[in-house]
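Secondary and tertiary structure notes
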Amino acid sequence: MMQPGLDKLPEITVPVEPQPSAADAAPSAAPSAIRLFLQQRSAGRWADGAFRGLMMLCAFSIFAIVALIVFVLVKNSQLSIHAFGFKFFKGTSWDPVSGDFGALPFIYGTVVSSLLAVAIAVPLSLCVAIFLLDICPRPLRSPIAFLTELLAAIPSVVYGLWAVFILVPIMRDNVGPILEKYLGWTGFFVEPNFGVGMLTAGVILAIMIFPIISSISRDVMKAVPIAQREAALALGATRWEMLRMSVLRNSRLGIVGAIILGLGRALGETMAVTMVIGNHPDILKNLFAPGYTLASVIANEFSEASGDLYLSALIEIGLALFLVTIVVNAIARLLVWAVTRGESAGHA
Amino acid sequence: MSGTRTTRTANMNRLHELRRSAVNHFVTGLAVFSTVLVLVPLVAIVGYLLYKGASSLNLAFFIHVPAPVGEPGGGMANAIMGSAVILALASSIGIPIGIAAGVYLAEYGRGRHLGNLVRFTADVLNGVPSIVMGIAAYSLIVAKQHHFSGFAGGVALAIMMVPTITRTTEEMLATVPHAIREAALGLGIPKWRTVLSISLRTASPGIITGCMLAFARVAGETAPLLFTAFGNQFTSFDMTQPIAALPLQIYVYAVSPYDEWHRLAWAGALVLIAMIMGAVTLVRIFSNRGALQGGH
Amino acid sequence: MGVDIRVENLNAWYGNTHTLQDINLHIPSNQATALIGPSGCGKSTFVRCLNRMHETNPIARAEGTVLMGGLDIYKDASPVEIRRRVGMVFQRPNPFPTMSIYDNVASGLKLNGFRNKRMLDEVVERSLKQAALWEEVKDDLRKKSGASISGGQQQRLCIARALAVDPEVLLMDEPASALDPVSTAKIEDLIFQLKSQYTIVIVTHNMQQAARVAANTGFFLNGKLVEFDATTKIFTTPSDKRTEDYITGRFG
């Protein structure tokens with residue numbers, strides 16, 4: 001960066017006189033007018049403060065919204081909390097007529113349908129992520145990625161509509177009998193199968209959470225430096241060995257995050273599940289049997305709930321759902337965040 | 001002796017190689033197969049929707065209100081109008097608040113604990129199940145007014161739009177080069193004006209994309225409307241009263257026992273999807289073309 | 001017409017780093033003054049203190065007195081007021097990418113609420129002429145984005161933008177360091193022509209550039225002003241050993 005020193009100075013210390021040019025036009029009356037205008041113009045300290053305050057208010061409204069949601073959920077479920085206490089989450093009977101409310105069947109239904117969905121969606125999502133990352137021919141890559149994005153944009157109610165008229169008959173007439181024949185002995189697949197039940201809910205949820213898991217795990221796999229993959233290939237590894245050794249091993253934390261994020265979505269999903277799960281508060285091992293979830297009992301019964309205790313019990317279910325999804329999402333965010341932050345640090 | 005051993009090792013090596021290559025091919029095949037397998041439901045959903053929806057769609061669908069049970073014909077004009085009104089309300093509340101919160105995070109809250117806290121809360125809010133949002137709107141508005149209202153539905157959807165828009169706005173503002181902000185401040189332009197006319201304007205293509213995506217997401221939401229907007233068999237623009245909405249109507253018709261209503265549900269789903277896909281595709285075209293020419 | 005700048009006991013910090021230590025100097029009006037020194041010596045921080053841009057960084061802080069034509073800019077005025085009177089040209093050209101060439105030049109006035117269309121037209125034309133860019137861009141003033149022209153043109157556009165608000169002082173922070181030699185020569189010509197109308201302070205790491213355009217030169221080292229004198233004196237008979245070492249390229 002050093003410039004030549006004293007020896008060159010004599011020739012450059014004598015500056016050429018400015019050439020008269022158009023640019024040298026004498027300032028007219030305009031400049032002073034402009035200067036005057038700007039000097040009289042307020043410095044906007046008041047406007048700056050007001051603007052900042054307004055932006056801050058909107059940002060804090062997010063706090064306020066979350067706080068308000070928590071507040072109304074807690075306040076309006078007091079009746080049920082006092083009436084049943086912790087027993088609420090262990091009770092298996094849901095009887096609006098006698099006023100006996102237990103949420104266990106809904107918790108069971110939510111957990112089982114979500115875990116089913118994750119069990120079906122995870123292998124498929126990872127395979128598709130690997131396919132798009134490494135195997136897919138370049139021209140096909142972005143159309144397929146776009147298609148999976150479209151899958152994410154379809155509203156829940158449309159999935160439900162499709163499931164009611166297409167998926168339910170398929171599960172009843174085609175998939176059900178096969179499962180019953182070969183896996184009936186496990187006790188998970190016992191006739192009668194009306195196509196409406198826990199398994200169908202799990203399948204439709206799997207289709208719905210697939211795009212999330214697939215696209216996020218693709219992002220975290222992409223974050224593995226190319227150099228690591230090339231190093232594995234240079235050692236003579238096959239494609240699968242390279243994927244297992246460098247890609248999957250280095251991105252497993254982020255993939256777990258993606259899976260948990262998908263789980264969080266499945267737990268809170270309402271419409272499609274409500275339309276196919278059968279809506280019956282039972283705790284049964286049989287996956288063909290109807291079930292009920294936290295979200296769908298609210299969707300089905302909230303607007304018809306008569307009596308304060310009934311409504312309060314439903315709101316307590318909402319509170320439980322809220323807390324569970326928040327915990328699940330927070331864990332997932334932390335995992336994904338830890339991985340992608342590492343990536344951006346690597347690039348810096 | 002040593003000769004046989006080398007052959008044996010060579011054989012074992014070859015076997016090992018075969019196994020490795022077989023595993024490799026198997027996994028590759030599995031990945032291809034899975035991709036095909038997940039593309040099937042997508043094609044099935046979209047294909048069946050087009051087939052069922054298009055065959056049920058006619059002009060009456062857009063201009064008539066639902067016919068009484070048992071009578072053929074009728075449409076979802078009330079639901080389309082209702083959705084439009086609810087979404088207009090949701091956007092006019094959700095978009096300004098979302099953008100403003102994003103502005104705070106990007107321009108004032110950078111590197112501060114308060115900013116991180118807002119960011120985290122936005123992510124939390126984003127994960128709240130939509131049915132819970134419905135309960136909240138019910139408890140805050142419907143329970144106080146003692147009747148269902150389109151207003152409550154609009155507020156519930158607005159709240160769902162805020163976190164998405166906040167985060168995209170923040171991310172998009174972060175891509176605006178710092179040098180451009182300095183240039184504006186150096187000219188003696190007040191900060192609020194710099195944010196509005198320089199930062200937001202430069203980031204506007206991305207922010208518009210974010211708003212459209214948030215809009216598309218809530219446009220199909222049903223759960224938060226179940227006990228807020230509630231639904232209405234007639235055309236109504238009165239936001240203080242129950243009001244129809246397209247997703248709500250699709251749900252009610254889908255679980256009904258009438259074939260005529262099923263037909264209308266498919267038509268409604270097609271219209272809804274077309275609206276959402278239209279928005280998403282528009283955004284893709286828009287954001288590609290909106291990229292700045294020259295510079296950078 | 002420009003004003004003179006008197007700096008008294010100016011100190012500046014970035015976090016815990018004391019980047020400027022007790023700077024005292026007098027910059028005369030309607031002349032170009034050059035500031036030289038190795039990178040990280042505080043010369044950029046110094047000019048950023050002259051229009052209070054330094055404090056836009058949340059961890060940065062400045063103390064001391066800067067009198068601009070007698071006005072104490074840290075006591076008697078807000079940053080916005082000061083920046084309207086002091087134009088700044090940055091190291092890298094930074095035109096507003098979403099604005100046309102015309103709007104870039106007019107931005108300082110328009111965004112401050114100036115509405116007179118006819119006068120804006122005049123100001124844009126005059127500023128672009130002053131920046132020797134008028135002939136090159138006059139046909140697509142409103143068609144082309146400020147970011148679509150060449151780097152050298154962009155920097156002259158930024159100069160025109162700074163001149164449009166009719167400042168009294170023009171600060172230039174290594175204005176040619178990102179440009180090719182031909183563009184650099186054009187910028188130097190410009191400084192030479194503009195210095196009779198404005199007080200120009202130019203930061204440069206190019207000593208020949210300092211020698212070509214500036215009447216006075218200051219040498220910064222490790223956050224201190226080592227020497228400030230007529231350019232000819234600094235480059236031929238510097239009074240401080242460190243200045244001589246730097247000029248002759250013995251360290252840096």
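Look a little higher up for the structure.
Conventions we followed
- Throughout this description, residue numbers start from 1 for each chain and increase along the sequence as written.
- Starting at A for chains and at 1 for ligands, labels are handed out in the order in which the entities are written.
- The predicted origin of the model limits local features to residues at a pLDDT of at least 70 and limits the giving and counting of side-chain atom pairs to 80 or more, whereas totals for whole chains, interfaces and linings rest on all residues.
- Hydrogens and water molecules were not included; the side-chain quantities draw on all heavy atoms of the structure.
- By the criteria applied, helices consist of DSSP H or I runs no shorter than four residues and strands consist of E runs no shorter than two, each listed in order from the N terminus.
- Relative accessible area decides the class of each residue, using a 1.4 Å probe on protein chains only: under 20% of the type maximum gives buried, over 50% gives exposed, and in between gives partly exposed.
- Here the open area of atoms and residues is found with the Shrake-Rupley method and a 1.4 Å probe, where only the protein chains shown may cover a residue.
- At least two bridges found by DSSP between two strands is the condition for calling them paired.
- Fitting a line to C-alpha atoms yields each axis, with helices limited to the stretch in contact; the angle taken between N-to-C directions then spans 0 to 180 degrees.
- For classification, angles of less than 35 degrees are called roughly parallel, those exceeding 145 degrees roughly antiparallel, those between 65 and 115 degrees roughly perpendicular, and all remaining angles oblique.
- Less than a right angle of anticlockwise turn of the near helix away from the far helix marks a crossing as left-handed, whereas a clockwise turn marks it as right-handed.
- Only heavy atoms enter the contact rule, under which two residues are in contact if any of them lie within 4.5 Å.
- Asp, Glu, Lys and Arg are counted as charged, while Ala, Val, Leu, Ile, Met, Phe, Trp, Tyr, Cys and Pro are counted as nonpolar; the rest, among them Gly, fall into the polar class.
- Every helix has an expected span of 1.5 Å times one less than the residues it contains.
- Note that the bend at a residue is defined as the angle between axes fitted to the seven residues ending at it and the seven residues starting at it.
- Here the quantity called buried area is the accessible surface, traced with a 1.4 Å probe, that two parts lose on coming together, added over both.
- A pair is scored as a salt bridge if a Lys or Arg side-chain nitrogen falls within 4 Å of a carboxyl oxygen belonging to Asp or Glu.
- Here a polar contact is taken to be a pair of N or O atoms separated by no more than 3.5 Å, where protein atoms must pair a possible hydrogen donor with a possible acceptor and residues adjacent in sequence count only if both atoms sit in side chains.
- Residues grouped as a nonpolar core are buried Ala, Val, Leu, Ile, Met, Phe, Trp, Tyr and Cys residues, joined through side-chain atoms within 4.5 Å.
- Here the bounds of each domain stem from an automatic or database domain assignment.

This brings us to the overall build of chain A. In terms of regular secondary structure, chain A is built from 13 helices and two strands. Counting every position in chain A, which comprises 348 residues, the buried fraction comes to 51%. In the structure as shown, chain A presents an accessible area of about 16100 Å², 67% of it carried by carbon and sulfur atoms.

Glancing now at the sheet that holds strand 9 (residues 216-221) of chain C. All names here are of chain C. Across the sheet, which stays open at both edges, the six strands sit in the order 6-7-8-3-9-10 with mixed pairing between neighbours. Two strands close off the open sheet at either side, each with one partner strand: strand 6 (86-89) and strand 10 (224-230). Ignoring strand direction, the axes of neighbouring strands in this sheet form an average angle of 15°. Sheet topology places strand 3 (residues 32-36) next to strand 9; four bridges connect them, and they run parallel. Residue pairing across strands places Thr33 opposite Asn216, the latter belonging to strand 9.

Moving on, we get to the packing of helix 3 (residues 45-76) of chain A against helix 3 (residues 77-108) of chain B. At their nearest, the axes of helix 3 of chain A and helix 3 of chain B sit 7 Å apart, and the two run at 110° to each other. As summarised for this structure, helix 3 of chain A and helix 3 of chain B are arranged roughly perpendicular, according to the angle between their axes. In this structure, the crossing between helix 3 of chain A and helix 3 of chain B has a hand that is left-handed. Residues A:Phe51, A:Arg52, A:Met55, A:Met56, A:Cys58, A:Ala59, A:Phe60, A:Ser61 and A:Ile62 of helix 3 of chain A pack against B:Ile97, B:Ala100, B:Ala101, B:Val103, B:Tyr104 and B:Tyr108 of helix 3 of chain B. Looking at the contact of helix 3 of chain A with helix 3 of chain B residue by residue, the class counts come to 13 nonpolar, one polar and one charged.

So, about helix 5 (residues 130-145) of chain B. All names here are of chain B. Taking 1.5 Å per residue as the helical rise, helix 5 with its 16 residues ought to reach 22 Å, and the 22 Å between its terminal C-alpha atoms agrees with that figure. Considering bend angle alone, the principal kink of helix 5 is centred on Tyr138 and spans about 40°. The buried count for helix 5 comes to 12 of 16 residues, which makes it a mostly enclosed element. If you check which residues of helix 5 are buried, you get Ser130, Ile131, Val132, Met133, Gly134, Ile135, Ala136, Ala137, Tyr138, Ser139, Ile141 and Val142. Following helix 5 by one or two positions, His146 adopts a phi angle in the positive range, close to 65°.

One frequent convention defines the size of an interface as the accessible area lost when the parts assemble. Of the residues lining the interface, 20 residues belong to chain B; the matching set on chain C comes to 23 residues. Both sides together, the interface formed by chain B and chain C hides about 1900 Å², and carbon and sulfur atoms give 65% of it. Per-residue buried area on chain B facing chain C is highest for B:Glu182, B:Leu187 and B:Arg201; these three make up 29% of the total on that side. At the junction of chain B with chain C, the criterion picks out one salt bridge. When the shortest N-O distance is used, the salt bridge between B:Glu182 and C:Arg48 registers 2.5 Å. Where chain B meets chain C, there are five residue pairs in polar contact (both at pLDDT 80 or more). Elements that contribute at least two residues to the side of chain B that touches chain C include exactly helix 7 (178-186) and helix 8 (191-219) of chain B. No other element matches helix 7 of chain B, which puts seven residues into the side of chain B that touches chain C. Among the residues making up the side of chain B that touches chain C, the classes are represented as 10 nonpolar, seven polar and three charged.

Relative to the elements of secondary structure, C:Asn112 occurs in the loop between helix 3 (101-110) and helix 4 (117-130). Of the residues examined, C:Asn112 reaches a relative accessible area of 3% and is grouped as buried. A distance of 2.9 Å separates the side chain of C:Asn112 from the side chain of C:Arg84, its partner in a polar contact. Once you skip the residues sitting within four places of it in the chain, C:Asn112 turns out to touch A:Phe37, A:Leu38, A:Arg41, B:Leu187, B:Gly188, B:Ile189, B:Pro190, C:Arg84 and C:Ser107.

Turning our eyes to something else, we now look at the sheet that holds strand 2 (residues 17-27) of chain C. Hydrogen bonds along the backbone pair up the strands of a sheet, which may run parallel or antiparallel. Residue and element names in this part refer to chain C. Sheet architecture is open: four strands sit in the order 2-1-4-5, paired in antiparallel fashion. Lying at the two open borders of the sheet, with one neighbouring strand each, are strand 2 and strand 5 (71-72). For strand 4 (residues 60-68) and strand 5, the ladder comprises two bridges, and the chain directions are antiparallel. In the strand pairing of strand 5, Leu67 is matched with Asp72. On top of the sheet, helix 1 (residues 43-50) reaches strand 1 (5-14), strand 2 and strand 4; it is set at about 115° to strand 1, its chief contact.

Two side chains with opposite charge may pair up if their charged atoms get near one another. All names here are of chain B. Scanning the model with the defined rule gives 25 salt bridges over all chains in all. Ionic pairing is found between Glu170 and Arg119, a salt bridge with its closest N-O pair at 2.9 Å. Residue Glu170 is found in helix 6 (residues 150-174), and its partner Arg119 is found in helix 4 (residues 113-127); the two are separated by 51 residues along the sequence. Each member of the pair, Glu170 as well as Arg119, is classed as buried. Of the charged contacts in the structure, one is a salt bridge between Arg167 and Glu170, with a shortest N-O distance of 3.0 Å.

By size, the foremost hydrophobic cluster in this structure holds 188 residues, and its most contacted members are A:Trp94, A:Ile204 and B:Ile131. It is helix 8 (residues 198-222) of chain A that provides the largest number of residues to this core, a total of 16 residues. Counting contributing residues per domain, this core is built from domain 1 (2-56) and domain 2 (63-289) of chain B, each supplying no fewer than three. Discounting chain neighbours no more than four positions away, the residues touching A:Ile204 are A:Tyr159, A:Trp162, A:Ala163, A:Leu167, A:Ala272 and A:Val276.

Moving on, we come to the interface of chain A and chain B. The partner chain B presents 77 residues to the 73 residues of chain A that form the contact. Summed over both partners, the interface of chain A with chain B comes to about 6700 Å²; 82% of that surface belongs to carbon and sulfur atoms. Counting every contact that joins chain A to chain B gives one salt bridge. B:Arg20 serves as the salt-bridge partner of A:Glu241, at 2.7 Å between the closest nitrogen and oxygen. Counting every contact that joins chain A to chain B gives seven residue pairs in polar contact (both at pLDDT 80 or more). For the side of chain A that touches chain B, the leading source of residues is helix 3 of chain A, giving 19 residues. When grouped by side-chain class, the residues that make up the side of chain A that touches chain B number 54 nonpolar, 13 polar and six charged.

Moving on to the packing of helix 3 of chain C against helix 4 of chain C. When two helices pack together, their arrangement is captured by the angle between the axes and the distance separating the axes. Residues and elements named next belong to chain C. Where helix 3 contacts helix 4, the two axes come as close as 9 Å, and the packing angle between them is 120°. Here helix 3 lies oblique to helix 4, going by the angle between them. In the crossing of helix 3 with helix 4, the sense of the turn from one axis to the other is right-handed. When helix 3 is examined against helix 4, the residues Tyr102, Val105, Ala106, Leu109 and Lys110 are found in contact with a partner set consisting of Lys117, Leu120, Asp121, Val123, Val124, Ser127 and Leu128.

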